[in-house]
Amino acid sequence: MADLTNSERLDKILANSGFGSRKDVKKLVRSGRVCINGEVVKESDCHLNVDTDTITVDGEVLAVESNGYFMMNKKAGAVCSTKSDRRQTVYDFLDEKDNRKYLGGNLSTVGRLDADTEGLLVITSDGMLIHRVTFPKYGVPKTYLVYLRDAVDEEQRRHYEEEVGRGIHIEADGKDGPADCLPAVIEWKDKNQYHDTMGQIPSDVCTLTVTEGKFHEVKRIFAALGNEVVYLKRLRMNNLYLDESLAPGEYRPLTREEIALLDVE
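Sequence positions are assigned chain by chain, starting from 1 and proceeding in written order. The predicted nature of this model means local features are confined to residues of pLDDT at least 70 and side-chain atom pairs, given and counted, to a pLDDT of 80 or more, with totals for whole chains, interfaces and linings taken over all residues. Heavy atoms throughout the structure, all of them, feed into the side-chain values; hydrogens and water do not.

Visitor: Mind laying out the environment of Gly38, listing which residues take part and the relevant values?
Guide: As for its position among the elements, Gly38 is in the loop between β2 (34-36) and β3 (39-40). Separated by 18 residues in the primary sequence, Gly38 and Thr56 have C-alpha atoms spaced 7.6 Å apart. Numbering of helices and strands runs from the N terminus, with a helix taken as a DSSP run of H or I at least four residues long and a strand as a DSSP run of E at least two residues long.

This is the structure we're talking about:
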């Protein structure tokens, strides 16, 4: 236990791993049932390196998770809040073993999605990762699948592309005032390959990639173009894409490789 670069107290680790309160953990350690690197410890407030030291409880190795990292296919209707009186929150879809406090802190969403928006939502307790992905200066790209109310002909498509490509002006929405958006990218899709919630082919379909996170930004961009978003789904954040095998409301842990795809250098 010499290297304490990533140091944590033993009682905090055990408590966050489900072994009860700090008082419960203290009794557990004093009973001689806990070892660090094969040696019995009797002081619950000792420090260890969570990356290199091994904890065993009753002979079983404890897998220590500093942070939780999860990908969810957010379901329409769920809100990205920890509590809601009227609607389900995204945290309601998490199993109890995952929806807990980690050494790094409580779980939070990496950015938010509106209640009626579906798709890629990352939930983590890693505050530094949340900062790097959401802080405007990093310009992390986010791609959305958009169904539009009105069909767009070829001339209008070019107009849309030019307007958003140079940074379109959007009007105020709620407490968020009018603003000039950073340049974004539209890619048009074959609408015949998509269908809405009623099984009907939508009027028009595209993806929009933005590099900022203004309030209702995607909806406000198309409103400024004289159209309306009738369905919205986030597909990508940075280089991390939604796992389409996840049904709405389902989630899974992120792999180390996926965390790296999400993060910025």
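Visitor: Could you give an account of the pattern of salt bridges, naming the residues involved and the relevant values?
Guide: Pairing is possible between side chains that carry opposite charge, provided their charged atoms lie close to one another. Salt bridges are identified by distance alone: a Lys or Arg side-chain nitrogen within 4 Å of an Asp or Glu carboxyl oxygen. Enumeration over the complete set of coordinates arrives at 18 salt bridges. In this structure, the salt-bridge partner of Asp58 is Arg33, at a minimum N-O distance of 2.8 Å. Taken together, the residues span a long stretch of sequence, with Asp58 in the loop between β5 (55-57) and β6 (60-61) and Arg33 in the loop between α2 (22-30) and β2 at a distance of 25 residues. Between Asp263 and Arg132 there is a salt bridge, with its nearest N and O atoms 2.7 Å apart.

Visitor: Before we move on, can you summarise the packing of aromatic side chains with the specific residues and values?
Guide: Describing an aromatic ring pair means giving the distance of the ring centres and the angle of the ring planes. Pairs were defined over the aromatic rings of Phe, Tyr and Trp, the Trp ring being its six-membered one, requiring ring centres within 6.5 Å. Orientation was assigned from the angle between planes: stacked under 30 degrees, edge-to-face over 60, tilted for the rest. Across all of its chains, the model carries six aromatic pairs by this definition. Where Phe70 meets Tyr251, the ring centres are 5.6 Å apart and the plane angle is 80 degrees; that geometry is what we call edge-to-face. One end of the pair, Phe70, is in strand β7 (residues 69-74); the other, Tyr251, is in strand β17 (residues 251-253), and 181 residues separate them in sequence. In this structure, Phe70 and Tyr251 share a single accessibility class: buried. Over a ring means this: the NZ of a Lys or the CZ of an Arg is within 6 Å of the ring centre and within 35 degrees of the ring normal. The ring of Tyr102 has Arg100 lying over it, and the distance from NZ or CZ to the ring centre is 4.1 Å. Whether a residue is buried, partly exposed or exposed follows from its accessible area with a 1.4 Å probe, protein chains only, as a fraction of its type maximum: under 20%, in between, or over 50%, in that order.

Visitor: Just give me the short version of the side chain of Glu258, but keep the residues and values in it.
Guide: Tracing the chain through its elements places Glu258 in helix α6 (residues 256-262). Setting aside residues no more than four positions away along its own chain, Glu258 makes contact with Met71, Leu240, Arg252 and Pro253. Any pair of residues with heavy atoms lying within 4.5 Å of one another is described as a contacting pair.

Visitor: With reference to specific residues and values, describe helix α5 (residues 217-224).
Guide: Every buried residue of α5 is listed here: Glu217, Val218, Arg220, Ile221 and Phe222. Contacts made by the buried residues of α5 are with β10 (142-148), α4 (154-166), β11 (169-170), β13 (185-188), β14 (204-210) and β15 (229-237). Directly beyond the C-terminal end of α5, a positive phi value near 85 degrees is found at Gly226.

Visitor: With reference to specific residues and values, describe α2.
Guide: Working note: α-helix, 3.6 residues per turn, so residues spaced by three or four point in the same direction. Where α2 is concerned, the buried positions are Val25, Leu28 and Val29. An end-on view of α2 places all buried positions within 95 degrees of arc, on one side of the element. Opposite its buried face, α2 presents the exposed residues Lys23, Lys27 and Arg30, each directed more than 90 degrees away. Packing partners of the buried residues in α2 comprise α1 (10-16), β2 and β5. Count one or two residues on from α2 and you reach Gly32, which has phi positive near 85 degrees. Relevant arc is that of directions from the helix axis to the C-beta atoms, nothing else.

Visitor: Outline the nonpolar core, supporting the account with residue identities and numerical values.
Guide: By convention a nonpolar core is built from buried Ala, Val, Leu, Ile, Met, Phe, Trp, Tyr and Cys residues, the set being connected through side-chain atoms within 4.5 Å. Within the largest apolar cluster, 36 residues are counted, with the highest numbers of intra-cluster contacts made by Val146, Leu208, Ile221 and Phe222. Among the secondary structure elements, those contributing two or more residues to this core are β7, β9 (118-124), β10, α4, β13, β14, α5 and β15. Excluding its chain neighbours within four sequence positions, the residues that come into contact with Val146 are Asp204, Val205, Cys206, Leu208, Val218, Phe222, Val229, Tyr231 and Leu232. Counting residues in hydrophobic clusters, the runner-up holds 17 residues, among them Val122, Val133, Leu246 and Val264.

Visitor: If you had to explain unusual backbone geometry to someone new, which residues and values would you point to?
Guide: Unlike most non-glycine residues, Asn37 shows phi in positive territory, near 55 degrees. Its place among the elements puts Asn37 in the loop between β2 and β3. With a relative accessible area of 38%, Asn37 lands in the partly exposed category. The residue Asn238 is not glycine, and still its phi comes out positive at about 55 degrees. On the secondary structure map, Asn238 appears in the loop between β15 and β16 (240-241). Asn238 sits in the buried class, given a relative accessible area of 10%.

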